[in-house]
Each structure stands twice: as structure tokens, then as C-alpha cells.
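Geometric and topological summary
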2 protein chains.
Amino acid sequence: MPHPDQLNAFITAAETGSFSAASRRLKKAQSAISNAIINLEIETGVELFDRSKRSPVLTEEGETLLRSAYSIMESHHDFISRAMALNAGEESHLCLAIEQNVSAQPLMELLIVFEEKYPHIELELLDPGTSDVPSLLRSGRADLGLMMEQEHYPKGFLFRGIGHSRKLPVCSRHHPLAKLDQVDHSDLRRYRQLVPRSLDLEDKSHEEQILSPKVWYAESPFVIAEVLSAGLGWASLHEAVVKEQLEQGTLVALKRTYQQDASLQGVDVVWSRHKPLGKGGQWLLNECFKLNVS
Amino acid sequence: MPHPDQLNAFITAAETGSFSAASRRLKKAQSAISNAIINLEIETGVELFDRSKRSPVLTEEGETLLRSAYSIMESHHDFISRAMALNAGEESHLCLAIEQNVSAQPLMELLIVFEEKYPHIELELLDPGTSDVPSLLRSGRADLGLMMEQEHYPKGFLFRGIGHSRKLPVCSRHHPLAKLDQVDHSDLRRYRQLVPRSLDLEDKSHEEQILSPKVWYAESPFVIAEVLSAGLGWASLHEAVVKEQLEQGTLVALKRTYQQDASLQGVDVVWSRHKPLGKGGQWLLNECFKLNVS
DNA sequence: CTCAACCTATCTATAAATCAGATAGAAACT
DNA sequence: AGTTTCTATCTGATTTATAGATAGGTTGAG
């Protein structure tokens, strides 16, 4: 089990080409370097340097082991840099919950910077279907969340708007509603409505969206989009969810008579007051403030 | 710079879930483990274990650093296993020169086993064009060679036949010779002959192959095959070189009147008496003996 | 050829770190 | 309440690491 000081002596002696020079660089006595390397040679049973010349030269075997020694030192540096990062307040794990209705795309550029800035933090991404971000935060499963704005956040939650998302009534292009130029409430009421609903039975926020008496629920808006694509029913979905299908023409947006075609809903970044964020979470939060999601 | 003993104590304490158990497994005093871990905590500034319960449990930060510690220990084990391998007589580098005329395919299965058996040996493969294997061995550039048998090997070379290779007279299917049912020497003499010739000007072994007065040379038989494919001249090439082109029909083998269509030439494995092979080279040599190249 | 400069190995005394054993206090289980 | 098992800490003995001095070898210049 080679001592790190021995490896350091070995490496700097190899780099400087002389034990004395290594002793000067490491600010140790020359005898210390000599002993370190001789001990390393004894312990490994390998002659690392050829001392027949004035200055020692690496043997072929020494060169092989040198590379291995560098690898050990890199592991060591990773260890201490991880420790320093934790020491400086970086969390070791950061869990980000992004509601599926929110476009994750503007975050991606942030994450690339994040990866460089905090290489030691393990990032975890969750994509809960509908308004389950608060429960993930409450249980501590997630540290930071992105979700559509709610009327009331539970106590202990902090939030801040970072943009808006368009919500559109959509159906398949083959659906009877798609044939109409304009639709009003009575049109919509005749057909099955698909409503995103949280896993959490306590959450009643979906109720105010219900127009039609014929309702089906799904947790994920993407699943709803698939049901719609099959020609079944209509739903009010966020642009980020149905963007591709609208472009492909699989789904079409409905024009409403009395309302705006699209209603704008705010996008919030949410976090808990009780679980303090580490350096990485703080940075990410701050960067989210600068975003303008649309 | 964490001491390996500290890391070992950290790791086994984490694995056993107790400092005392770790002390028993490592055959040290319990106080040694306790001290090691406390010192590690002081040096890193990170609390690794939560001691509020009877047995210590890893903190979240401890878990992160534990993985890093494992990585260090793996580097260490790699280091000592490399050292042990060198110690046991394994070379750190093995250079294998396979003349292009020799099919490398039967070697590949060997190399797969070699990679598992000697993971620390850096293998280098050279593919000299024609009869340059001896010079690579003489200069020490290569340790082991595969080549077509020669009449005389220089002094200090050891060799052993390991199979045979068919040598065929070939030309493009569009070449005038390809139109003939059989060819004799006078036919061949009328057309340009391409002859493989060593880089080494001292090497005269190509001369006996020359039939036609119109000769071009090339070092690589593959280059010759390309020239032939373009429709220019004929050459006597080894099966391994032109196998694909014969199958594709780009090149055709010529039938000779008075000679056998194909002449068999031995394949030798060659090495130097003066540069002793390491364990890996010896093993590879021995396995080559068991081969039967054809 | 000789000398000066620079290198490494080795010795020695001292400073430092390590370790085992003993002990005390906390937690868990009976 | 008693027993077991655990960790932290203290202490003295042992081991280890280190600086400094010295001897001997290599290199290159004069």
C-alpha cells in the first residue's frame, strides 16, 4: 500500500529528473526523497530508476508505474476536491423536479454550465406529471421544482415566477370539433374532456378546469396528448406538451368564441423554506430567476 | 493528502457498520480505527459518520466521499498489481510485428485471451510490408514477429514454423492474362510484374521471384493488389492479401501450365535470442506454436 | 588529468506519528 | 437494572519519518 508521500516523491523525481531537484520542489531533505523512492522500490519489488548515470533515469518499468502513480494522485485530488466542495457548502446530491407541462429546454443550457461549475454534484431530474412538484418538495425527495403556478402554495414553500406558458384547447384533426371554425362551451361539453390530475387525491386544482360532464383523467399530459392523437376527446394542454404534434398536424388547436384562444399561465420555480439549498441549488435558483420561460 | 490506512479504515468501517468490527477485520486496535477516521474528518473538514446512534452511520457527505475513497483504493490496487506483474516477469510493453502477407485473423482469438490474461501489458502491433520483420526485431523495435519463411535468418534469430500460406499468381479480371485458360512463363513475361520488396535495400530475397523483364516494386502487397485491381500487371500474392478481391471477383487467380497453381510458403514466428521475452511474450509465443495457420 | 559542481546512498540523532491497551461514557437490548 | 457493544480519549512504548552530515560516483570544463 504505497504512501502518498512516496508517490509524490516518485512523481516529482521523475518530472524533475533528479532526487535533489525533487527535494527542493517539495521542500524536503534530499535524504527524504531518496528514502521514499528506495522504500517504494523495496515495497513494489521494482527498480524504478536507473542510477548508473549522474542523474537517475526512469526504467521502463518505472515509466509504467509512473502512469499508475499519476492515476492514484488524480484519485486523491478528486477526493480532496470533493471534500473541499462539500466543505464549501456544496450539496452532494441535487434533485430537480420539472413538471411535464413546463418546457425543460431553457434549463438545458443552464445545466451545461452547472455541470462544469459543480462537477461533484450528482444531479437528479424528476418529471412529475401534474402538480406533484409540491409533494416531492415536501417529502424532501426533490430540492427544487419547476411547475405551473398554483393559487395557494402550502406553508413553508417559497416560489417565484420565471415566465409564462400558453395553454391551448386541442384535439385530433380527425375529431368532430376540429371541423368547426369556432367552438363554444356547449360544443366542448358534448365531447369527452381529458383532464390532467395529480397523483395526490387531496389536490383538487383540476376541478376548475372541468367543462364537460364526460371526463377522463390522466396524470401525464403527454399521455393525454397520445389519447387525443388517437382521436379520443379534447383537452386543454400546455404548448410545450403538444408543440410537436401541432407542428406535425396530428393535433390541432381549437378556436374559441368567447374566450381568448390561449390562456397564459405562470411558471414558478418553487423550493422549500425548511430544507436549505446548497451552493449548487442556490446557483441554479438564481439562474432560474434570470430566465424568461415562454 | 489522505493516508491509505485512513481510507482503508474509512471503507471497512463503512462496510462493517462499526469501528470495532473494522478494527477486528483489519486486525488493529479499535482506537487506531477511531483515530484514523477522526483524523480523516479533521483533514477533509467533513463529518463522515453520524455517531448519535450506537453504531455510526454514514452521512450523506460520507457516502459521497466513500465512493471517492473506493476509487482511490482501486487505483492503489491497480498500482500494486502492475508492480506484482512486473515483478513476476511481465514486460510492460510487447511489440508484435506481423508481416502483411500473413493473415492476422488466427491471432485475434489469441489476443483476446492475452488481453484478459495480461491486462497490464501494452500491446503494439506493427504490420510491416514485406520481410521487414527481421530488421524490426534486430533494432529492438519489435519483440516478436510473424513472417513468411526466409532461406537464411541472420544470426541470433530464433524461428519456428507455425503453418503455411498459399501464394497465387493474380491479375485483374479485365487484364489480358485473365482471358487465357492457362498461362505459362512466356505469357507472364509479356506483362508487367509487380513484386513486393523490402524497405531494406540489403534484402535481395525478392529477386528470385522476378519472371518478367517489366518490373515494378511496392513495399506493401496490399498496394500491389490495388494496382492490380486497376488493371495494371500481375503479381504473385499471398491468399490472405487478396482473399477479399478474389471473392468479389475484382482479381482472378491464374492457372499455370507447368507449375502448381499455388505454391505453399511457410509462416514462421520469429524472435531474437538476445532480447529475452517476458512472461507475456513467452505465453504468446507458446500459443503461436499451437496454431496452425493456413 | 584534475578540479569543481552536482548527484545519490547511507548514517545518526531527533522529532513526530502510530499503535495497543485501558478506561469512561453512551446506546441498545434483555 | 444489568449486560453487552459501541466510540472517544488518554498514556506510554514503539515505530517511523526527517534533517543534516558525510562518503562516493558521475559529468564537464579547464
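Residues numbered from 1 in each chain as written. Chains lettered and ligands numbered in written order. Predicted model: local features only at pLDDT ≥ 70, side-chain atom pairs only at ≥ 80, totals over all residues. Heavy atoms only, no water.

Going by an unreviewed UniProt entry, chain A carries the name HTH lysR-type domain-containing protein and comes from Oceanospirillum linum. Quoted verbatim from the Sequence similarities (unreviewed entry) heading of the UniProt record, the comment on chain A is "Belongs to the LysR transcriptional regulatory family." (UniProt positions renumbered as here; feature names shortened; annotations may be inferred.)

1. Overview of the packing of helix H1 (residues 4–16) of chain A against helix H3 (residues 30–44) of chain A
Residue and element names in this part refer to chain A. Look at H1 against H3: their axes get within 9 Å of each other, and the N-to-C directions meet at 105°. For the element pair H1 / H3, the angle class is roughly perpendicular. Where H1 abuts H3, its residues Gln6, Leu7, Ala9, Phe10 and Ala13 lie against Ile33, Ala36, Ile37, Asn39, Leu40 and Glu43. (Axes fitted to C-alpha atoms, helices over the stretch in contact; angles between N-to-C directions. Helix = DSSP H or I, 4+ residues; strand = E, 2+ residues; numbered from the N terminus. Parallel < 35°, antiparallel > 145°, perpendicular 65-115°, else oblique. Contact = heavy atoms within 4.5 Å.)

2. Brief notes about unusual backbone geometry
Residue and element names in this part refer to chain A. In the Ramachandran plot, Lys27 falls in the positive-phi region, its phi being about 55° despite a non-glycine side chain. Residue placement: Lys27 occurs in the loop between helix H2 (19–26) and H3. Among the residues examined, Lys27 registers a relative accessible area of 76% and is labelled exposed. (Buried < 20%, exposed > 50% of the residue type's maximum accessible area, 1.4 Å probe, protein only.)

3. Quick look at the UniProt feature "domain: HTH lysR-type" (unreviewed entry) in chain A
Within this structure's numbering, the places UniProt gives as "domain: HTH lysR-type" (unreviewed entry) are residues 1–59 of chain A. Its end C-alpha atoms 21 Å apart, residues 1–59 of chain A is made of 61% helix and 7% strand.

4. Looking at the packing of aromatic side chains
Any pair of aromatic rings gets described here by the distance separating the centres and the angle formed by the planes. As enumerated under the stated definition, the model contains 14 aromatic pairs over all chains in all. Both rings, one in Phe19(B) and one in Phe49(B), keep their centres 5.3 Å apart while their planes meet at 75°; by these two values the pair is edge-to-face. On the criterion of sequence distance, the pair formed by Phe19(B) in helix H2 (residues 19–26) and Phe49(B) in strand S1 (residues 49–50) is long-range, its members being 30 residues apart. Residue class for Phe19(B) comes out buried when judged on its relative accessible area of 11%. Taken together through their ring pairs, the aromatic side chains of Phe10(A), Phe19(A) and Phe49(A) make up a single cluster. Against the face of Phe289(A) rests Arg160(A), its NZ or CZ located 3.8 Å from the ring centre. Its end group placed over the ring of Tyr217(A), Arg197(A) keeps NZ or CZ at 4.8 Å from the ring centre. (Phe/Tyr/Trp six-rings, centres within 6.5 Å; stacked < 30°, edge-to-face > 60°. Lys NZ or Arg CZ within 6 Å of the ring centre and 35° of its normal.)

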